[in-house]
Amino acid sequence: MSTQLKSFNHPIAAVASGSALTLEHDDEIILWLFGDVDLALSEELDAVSGHALRLGHALTVEASRIAFCDLTFVDFLAPLASVLTVRVRRPSLSIVQLLALTGVLSRLKVED
């Protein structure tokens, strides 16, 4: 019996670059982010943002699995941090620097 490898001509860009998982626990929403947090994930982040604002719950973002983020992440966090308690757990140094450069870091609770 032989094994054959097949080649497919599907563009790599068709694969989702990032994903999010949310859990509501007591008076807190926990959001795990994986991979790239960019424009492709913005609709999902908008849904989480709206839900958190409606409930008025604290938000904890587990950031240790973020490979890359752009201003989409900042645009998600900034308005929430103005009205809710927002924690960012285990962010990389580059994420902390991005949040500091954009002025959002001071409104967040960062946990190692």
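Each chain has its residues counted from 1, following the order in which its sequence is written. A pLDDT threshold of at least 70 governs which residues receive local features in this predicted model, and a stricter bar of 80 or more applies before side-chain atom pairs are shown or counted, although totals over entire chains, interfaces and linings include all residues. Derived side-chain values reflect all non-hydrogen atoms in the structure, with water molecules and hydrogen atoms excluded from consideration.

## With respect to the sheet that holds strand β5 (residues 109-111)
Here's step 1: Judged by pairing direction, the sheet is mixed, and its five strands sit side by side in the order β1-β2-β3-β4-β5 without closing on themselves. The sheet is open, and its two edges are formed by β1 (18-25) and β5, each paired on a single side. Going from strand to strand, the sheet's axes swing by 20° on average, the running direction of each strand aside.
Here's step 2: Whether two strands pair comes down to DSSP finding at least two bridges between them. Helix and strand definitions follow DSSP, with helices as H or I runs of at least four residues and strands as E runs of at least two, each counted in order from the N terminus. Relative to strand β3 (residues 58-69), strand β2 (residues 28-37) is paired through nine bridges, and the arrangement is parallel. Bridge pairing in β3 places Trp32 opposite Glu62.
Here's step 3: Along the sheet, helix α1 (residues 42-55) makes contact with β1, β2 and β3, crossing β2 at roughly 165°. Every axis in this analysis is a line fitted to C-alpha atoms, fitted for helices over the stretch in contact. Angles between the N-to-C directions lie between 0 and 180 degrees. By definition, residues are in contact when any of their heavy atoms lie within 4.5 Å.

## Considerations on helix α3 (residues 93-101)
Here's step 1: Only protein chains enter the accessibility calculation, which uses a 1.4 Å probe; a residue is then buried when its area is under 20% of its type maximum, exposed when over 50%, and partly exposed in between. Of the positions making up α3, those classed as buried are Ile95, Leu98 and Leu99. Looking down the long axis of α3, one finds its buried residues gathered within 95° of arc, a one-sided arrangement. Turned more than 90 degrees off the buried face of α3, the exposed positions are Leu93 and Leu101.
Here's step 2: Against the buried residues of α3 lie β3 and α2 (71-83). When we speak of the arc, we mean the arc of directions from the helix axis to the C-beta atoms.

## Some words on the side chain of Ser49
Here's step 1: Assignment of secondary structure puts Ser49 in helix α1.
Here's step 2: In this structure, Ser49 is in contact with Phe76 and Leu80, ignoring residues within four places of it in sequence.

## A few points about the confidence of the model for the protein chain
Here's step 1: The pLDDT value tells you how sure the predictor is about a given residue, anywhere from 0 up to 100. Averaged over all residues, the pLDDT of the protein chain equals 88, while 86% of them reach at least 70.
Here's step 2: The secondary-structure element of the protein chain with the lowest mean pLDDT is β1, recorded at 92, while strand β4 (residues 86-89) shows the highest, at 98.
Here's step 3: Contacts of residues 1-15 to residues separated by more than four positions or lying in other chains number zero contacts, the stretch itself having pLDDT below 50.

## What about the side chain of Glu28?
Here's step 1: Secondary-structure assignment places Glu28 in strand β2.
Here's step 2: We classify Glu28 as buried; its relative accessible area is 17%.
Here's step 3: Once you skip the residues sitting within four places of it in the chain, Glu28 turns out to touch Leu23, His57, Ala58, Thr60, Arg87 and Arg89.

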